Amino acid sequence: MTQPRLDDAALDAIFRTARSYNGWLDQPVSDDELRTLWELMKWGPTSANQMPARIVWVRTPEGKERLAACCSAQNAPKVLAAPVTAIVGMDNDFHEQLPWLFPHTDARAWFTGNAELRAVSAFRNSTLQGAYLIIAARALGLDAGPMSGFDSGEVDKAFFADSPAVKTNFICTLGHGDPASFHARLPRPDFDVFNRLA
């Protein structure tokens, strides 16, 4: 089946005019919106349908304070101000879910006893899922502010203590961005700068 091309307005909203926000308008993001976001982003492909991302949607004042305490001085205020911050974790034991996520072969056996391969796959594929999260948020009329600038060990202790196989990949604020909060558009190189045809 041939996929239809999105119109320019959709491409602008997802990529060309979308921005990473540092500040947020005082508009809530509902739990239903977060569920809708997941129901869209879950269709993005991962290797062997691994789906290793484990997401904590931090939206309560207490949760924001706990997460902000794990962040750099520059990022803590962003977490406190955002309606929601998604902690995108990666489950290094994702292979235990493969019997039902990828049932047509014994994919679990590919990873059993190979922690290094699981870690590489969990990182790669949870990062993909985090990118799908950003795209899905923009497609649904939300803005995103993905970031590093946090102590991943402290975030793990604060939010994944009951799941020791899950480690934090990155965090992403979500909401309705304040246009006054972003900087001038940074360069995006033309094709020939970082690409080659082989």
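Just so you know, these numbers come straight off a predicted model, no measurement behind them.

A look at the packing of aromatic side chains
Item 1. Taken as a whole and judged by the stated rule, the model has 5 aromatic pairs.
Item 2. Between Y21 and W24, the ring centres sit 6.1 Å apart and the planes meet at 40°, which makes this aromatic pair tilted. Comparing Y21 with W24 shows no difference in burial state: the two are buried.
Item 3. Ring plane angle 75° and centroid distance 5.3 Å describe the contact between Y21 and F182, whose orientation is recorded as edge-to-face. Linking Y21 in the loop between α1 (8-16) and α2 (31-41) with F182 in the loop between β4 (166-175) and α9 (191-194), this pair joins segments that are 161 residues apart in sequence.
Item 4. Owing to a relative accessible area of 12%, Y21 belongs among the buried residues under this scheme.
Item 5. Linked through ring pairs, F94, F102, W110 and F111 together constitute an aromatic cluster.
Item 6. Here the guanidinium or amino end of R19 rests over the ring plane of F182, the centre of that ring lying 4.2 Å away.
Item 7. Lying over the aromatic face of F159, R66 brings its terminal NZ or CZ to 4.4 Å of the ring centre.

Side note on the nonpolar core
Item 1. Grouped together as the largest cluster of nonpolar side chains are 19 residues, with contacts concentrated most on L37, M41, L133, C172 and L174.
Item 2. Elements that contribute at least two residues to this core include exactly α2, β1 (53-58), β2 (84-91), α7 (115-139) and β4.
Item 3. The element best represented in this core is α7, accounting for 5 residues.
Item 4. Apart from the residues within four sequence positions on either side, C172 is in contact with V84, T85, A86, L133, I134, A144, G145 and P146.
Item 5. One finds L67, A68, C70 and I171 within the second-largest nonpolar core, a separate group that totals 15 residues.

Regarding the pattern of salt bridges
Item 1. Under the defined criterion, the tally for this structure stands at 9 salt bridges.
Item 2. Taking the shortest distance from any N to any O, the salt bridge between R54 and D91 comes out at 3.3 Å. Of this pair, R54 sits in strand β1 while D91 sits in strand β2, placing them 37 residues apart in sequence.
Item 3. Classification of R54 as partly exposed rests on a relative accessible area of 23%.
Item 4. The exposure class assigned to D91 is buried, which follows from its relative accessible area of 10%.
Item 5. Between R118 and D93 there is a salt bridge whose closest N-O contact spans 3.8 Å. Residue R118 is found in helix α7, and its partner D93 is found in the loop between β2 and α5 (98-101); the two are separated by 25 residues along the sequence.
Item 6. In this structure D93 comes out as partly exposed when scored by relative accessible area, which is 31%.

Some points on the side chain of S181
Item 1. Checked against the element boundaries, S181 lands in the loop between β4 and α9.
Item 2. Not counting the four nearest positions on each side in its chain, S181 is found in contact with Y21, N22 and G23.

Examining the packing of α2 against α7
Item 1. One can describe the packing of α2 onto α7 by two numbers: an axis separation of 9 Å at closest approach and a directional angle of 120°. Taken together, the axes of α2 and α7 lie oblique to each other. When you trace α2 past α7, the crossing you get is right-handed. Touching L37, W38, L40 and M41 of α2 are Q129, Y132, L133, A136, A137 and A139, all from α7.
Item 2. Per-class residue counts for the contact of α2 with α7 are 9 nonpolar, 1 polar and no charged.

Scoring rules and cut-offs
- Residues numbered from 1 in each chain as written.
- Predicted model: local features only at pLDDT ≥ 70, side-chain atom pairs only at ≥ 80, totals over all residues.
- Heavy atoms only, no water.
- Phe/Tyr/Trp six-rings, centres within 6.5 Å; stacked < 30°, edge-to-face > 60°.
- Buried < 20%, exposed > 50% of the residue type's maximum accessible area, 1.4 Å probe, protein only.
- Helix = DSSP H or I, 4+ residues; strand = E, 2+ residues; numbered from the N terminus.
- Lys NZ or Arg CZ within 6 Å of the ring centre and 35° of its normal.
- Core = buried A, V, L, I, M, F, W, Y, C linked by side-chain atoms within 4.5 Å.
- Contact = heavy atoms within 4.5 Å.
- Salt bridge = Lys/Arg side-chain N within 4 Å of Asp/Glu carboxyl O.
- Axes fitted to C-alpha atoms, helices over the stretch in contact; angles between N-to-C directions.
- Parallel < 35°, antiparallel > 145°, perpendicular 65-115°, else oblique.
- Left-handed = near helix turned anticlockwise from the far one by under 90°.
- Nonpolar A, V, L, I, M, F, W, Y, C, P; charged D, E, K, R; others polar.

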